[in-house]
Amino acid sequence: MRALTTSDPEVAALIRHEEERLAATIDLIAAENHPLPGIFEALGSAFAVKAAEGYPAARYHAGCAHADALEDLAIRRCCALFGAEHANVQPHSGVAANWAVYFAALNPGDRVLAMRLSHGGHLSHGAAASVTSRCFQFEHYGLDPDSETIDYDAISDLAARTRPRMLVAGASAYPRLIDYARLAEIAAGVSALFMVDMAHIAGLVAAGVIPSPLPHADYVTFTTYKTLGGGRGGVILCREKYRSAIDRSVFPGCQGTPAVNMIAAKAVCFNLAAQPDFRTRQEQTVANARYLGDALTERDYRLVAGGTDNHLVLIDLRPRGISGEHAENALAAAGLFANRNPLPFENTHPNRSGGLRLGTPAITSRGMGKPEVELIADWIDQLLRQPDDPAVRRSVQSGVAELTRDFPLPC
Ligand code: DSN
């Protein structure tokens, strides 16, 4: 950061502090990951300069020859990775990708079924606080109260009653697999379109370690920085027949010039995600989540849905008498970062919820496996038993310092 240290020492110092924080702490936030090699270089490359409204060979700015080649490459790699007919790699984020699909496929006021936020869904799936709920008429489905897994029969009934134009699947805090074939059948039964937001699990899907929604969905959206380990940004996959509507909805419908540097990072990510060692990493991510769930269950924690099939576990802390926020703060003070999360059927503000979400993508990217996960589970247990005890905090802090020295950041 030679130039930045001179031009803006204040920001340079904050970047260094953030690098030090990442290196010296353990990231258990399910939506985060340490990026694959080369991602930061692509994000900070000359492509950050380029204005490139439009699409390859049809731009509204001159000088796009290399940007065109790059975007074509990213699209080709993305389609090959996921077996998609078409990819739009321009959305700036997952929410932007979802917006573009809604506006390509729906008219304002159309009815949409999606998973309830408090049951693990996402803000942009029509949550009250999201502007999506003001543009479309969202009805929410959720989990079966006993199994805490998606209640497909209830979705089928809701669809028959409400006749939605679109059914949306996908979640931010759902630890089990989603039956896409069943949801596609429900959507087809009421002539609804079927969209899957696979932001959290895109890396697991790319590696083929969990089932892909691609054979079943009309539209699939995702972000590139979670399990995928790319840079920030969103992507839309769709069937060929929707290509033109999707492309027009992204640009000029919802966005202006794309972030070409982010497209460069996406291209890098899609190439690396097609390599054999990426699959090994994703298998380990799932195995680590299972080890973490088992280790916490052995220590008497209740896991929502009884465990995990993916990269995250959701703990119900209510029986332990500690809130998710208190738990999040106790872990953070010792150098372990996670997030409080609403629990299904809890009906309270996230700040007062009794849920804690823990994810394994970032620790797996540092090379951690079962022994390290056991250690981390033990620290979590110690901290949650005595969240305000300085001696426990200091002891975990010193363990975290040693572990993070042994497992440096991948890049
Ligand atoms: N949806 C947010 C989360 O899961 O934390 C991030 O995109």
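Residues numbered from 1 in each chain as written. Predicted model: local features only at pLDDT ≥ 70, side-chain atom pairs only at ≥ 80, totals over all residues. Heavy atoms only, no water.

Draft legend 1. Region of the structure containing the site of the ligand. Near the ligand, the surroundings consist of Ala 31, His 122, Ser 172, His 200, Tyr 225, Lys 226 and Arg 357. At 2.6 Å, a side-chain N or O of His 200 approaches an oxygen atom of the ligand. Tyr 225 is positioned with one of its side-chain polar atoms (N or O) 3.4 Å from an oxygen atom of the ligand. Protein chains bury 68% of the 230 Å² of accessible surface belonging to the ligand in isolation. (Near = heavy atom within 4 Å. Polar contact = N/O pair within 3.5 Å; in protein donor to acceptor, adjacent residues only side chain to side chain. Areas by Shrake-Rupley, 256 points an atom, 1.4 Å probe, with all protein chains shown as cover.)

Draft legend 2. Up close: the nonpolar core. Among the nonpolar cores identified, the biggest contains 64 residues, and Phe 82, Phe 194, Met 198, Phe 222, Leu 228, Leu 237 and Phe 270 are the most heavily contacted of them. By residue number, the principal contributor to this core is helix α4 (residues 65-82), which donates eight residues. Setting aside residues up to four positions removed in sequence, Leu 228 forms contacts with Leu 36, Phe 82, Ala 202, Gly 203, Ala 206, Phe 222, Thr 223, Cys 269, Phe 270, Ala 273 and Phe 278. Leu 28, Leu 296, Val 373 and Val 400 belong to the second-largest nonpolar core, a separate cluster that totals 32 residues. (Core = buried A, V, L, I, M, F, W, Y, C linked by side-chain atoms within 4.5 Å. Buried < 20%, exposed > 50% of the residue type's maximum accessible area, 1.4 Å probe, protein only. Helix = DSSP H or I, 4+ residues; strand = E, 2+ residues; numbered from the N terminus. Contact = heavy atoms within 4.5 Å.)

Draft legend 3. Structural detail: the pairing of strand β15 (residues 355-359). Most of β15 is tucked away, with five of its five residues classed as buried. Where strand β12 (residues 312-316) lies against β15, five bridges are found, and the strand directions are antiparallel. Within the sheet, the bridge partner assigned to Leu 312 lies in β15 and is Gly 359. Sheet analysis places strand β14 (residues 339-341) next to β15, joined by three bridges and oriented antiparallel. Opposite Asn 341, over in β15, you have Gly 355 as the bridge partner. (Pairing = 2+ DSSP bridges.)

Draft legend 4. Quick peek at the sheet that holds strand β10 (residues 234-238). Ordered by their spatial adjacency, seven strands build an open sheet running β4-β10-β9-β8-β7-β5-β6, and the pairing between neighbours is mixed. Since the sheet does not close on itself, it has two edges, and those belong to β4 (86-88) and β6 (137-141), each with one partner. Taking the axes of each pair of neighbouring strands and ignoring which way they run, one obtains an average angle of 20 degrees across the sheet. Bridging between strand β8 (residues 193-197) and strand β9 (residues 219-223) involves three bridges; their strand directions are parallel. The residue of β9 that forms the bridge with Asp 197 is Thr 221. Sitting on the sheet, helix α8 (residues 180-189) touches β7 (166-169) and β8, and the angle it makes with β8 is about 150 degrees. (Axes fitted to C-alpha atoms, helices over the stretch in contact; angles between N-to-C directions.)

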